[in-house]
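# Structural overview for review
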Amino acid sequence: MIKFDNVTKIYADSTVAIRDISFEVAEGTTTVLVGPSGCGKTTTMKLVNRLEDPTEGAVYYDGTNTQEIGVTELRRDIGYVIQEIGLFNHMTVGENVATVPKLKGWDDGQIDDRVDKLLELMALSPEEYRDQYPRELSGGQRQRVGVARALAADPDVLLMDEPFGALDPITRADLQDEFLEIQAEINTTILFVTHSIDEALKMGDKIVIFDVGELVQYDTPRNILENPNSEFVRDFVGEDITLKKLSLINVDEIMRPTNVIEDTTDQDSKTAVTNGGEVMHHLAPGDSLKSALSTFVESDIQSLPVVEDEETIGVIDRDEIYEIYNGG
Ligand SMILES: Nc1ncnc2c1ncn2[C@@H]1O[C@H](COP(=O)(O)OP(=O)(O)O)[C@@H](O)[C@H]1O
Ligand SMILES: [Mg+2]
């Protein structure tokens with residue numbers, strides 16, 4: 001979908017922002033660019049929608065060199081969200097979200113429907129927020145409006161430059177979780193910039209790690225944790241690698257499904273944790289192994305049922321998680 005082919009960007013004042021960068025972003029995936037401040041992340045992002053042009057090498061969009069695509073045409077397909085996003089302060093939330101659909105000449109009914117749908121998706125009730133102004137919102141709500149605006153015209157690609165960087169840690173974690181859910185629904189190709197390795201590990205299908213101007217490792221979150229390719233990456237990933245790894249794996253990836261097992265096993269696991277028919281301790285299929293581990297520690301039970309819609313769908317033993325934990 002997006003391909004960087006030996007791209008170098010040197011600014012007019014001869015700053016070399018990035019040197020000889022190559023990587024590819026597959027359609028429908030999220031790729032996170034991560035690295036310390038000034039390493040060239042924003043520059044890389046701007047080369048995609050031609051806010052900047054390469055000095056050497058080429059950026060391809062859907063197989064075509066972006067230099068051969070008109071800037072207007074390119075930006076119509078590509079949504080852009082930046083930190084402390086420039087919402088238009090004189091426009092209501094609804095008008096802000098409607099900006100690009102209006103430019104594209106959608107009819108009013110269609111635009112209204114789209115605005116309401118996106119506000120709902122971003123957990124902002126349209127009745128309450130559509131007619132408010134940005135200054136009436138919290139930082140987290142403004143950022144949600146920014147994401148809604150970027151998604152409004154259903155872009156093929158979404159560029160997000162430290163979109164949650166200005167938020168407090170709790171709001172930030174909430175928005176990350178919500179965005180992961182949205183991402184699963186919309187199937188947009190996403191390029192996401194952050195300086196936080198934890199955010200990168202959480203949000204990315206693939207991660208590109210930059211040192212100053214250089215790409216040092218391009219890999220899946222799990223491979224980056226398991227096989228950092230340099231001292232720089234090891235330092236950047238930091239402490240608690242095992243816990244970070246456990247937070248990347250979900251319960252449904254390692255549970256034993258109960259639907260193929262006889263009811264007796266089901267009964268066993270239930271009796272271990274029920275009290276008068278109430279399931280006391282259980283896991284959800286989407287829980288991370290990190291949160292499963294704390295449930296095991298809390299409950300002090302050997303094996304826990306995985307419950308979805310009040311039905312037990314699988315079982316996990318505490319030892320299985322310990323094995324992964326100790327496996328390093
Ligand atoms: N317009 C510009 N002119 C000159 N240098 C720039 C310009 N924009 C960014 N830079 C420099 O390019 C390098 C990379 O910047 P940037 O891509 O913004 O990094 P990051 O987003 O990783 O913090 C930095 O040294 C920065 O100062
Ligand atoms: Mg930047």
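It should be emphasised that the depicted structure is a prediction, and the values quoted were computed from it without experimental measurement.

## As for the pairing of strand E7 (residues 157-161)
With five of its five residues buried, E7 lies for the most part within the structure. Burial of E7 is two-sided: the residues Val157, Leu159 and Asp161 facing one way and the residues Leu158 and Met160 facing the other way are all buried. Sheet analysis places strand E6 (residues 78-82) next to E7, joined by five bridges and oriented parallel. Within E7, the residue paired with glycine 79 across the bridge is leucine 158. When E7 meets strand E8 (residues 189-194), the two strands line up parallel, connected through five bridges. For leucine 159, the partnering residue across the bridge sits in E8 and is leucine 191. In terms of handedness, the path from E7 via helix H7 (residues 169-186) over to E8 forms a crossover that is right-handed.

## A word on the domain arrangement of the protein chain
The domain boundaries assigned to the protein chain delineate domain 1 (2-238) and domain 2 (251-326). Just the C-alpha atoms count here: the centres of domain 1 and domain 2 sit 37 Å apart.

Rules of the game
- Residues numbered from 1 in each chain as written.
- Chains lettered and ligands numbered in written order.
- Predicted model: local features only at pLDDT ≥ 70, side-chain atom pairs only at ≥ 80, totals over all residues.
- Buried ≥ 20, exposed ≤ 12 C-beta atoms within 10 Å, placed from the backbone.
- Helix = DSSP H or I, 4+ residues; strand = E, 2+ residues; numbered from the N terminus.
- Pairing = 2+ DSSP bridges.
- Right-handed = clockwise from strand over helix to strand, strands pointing away.
- Domains from an automatic or database assignment.

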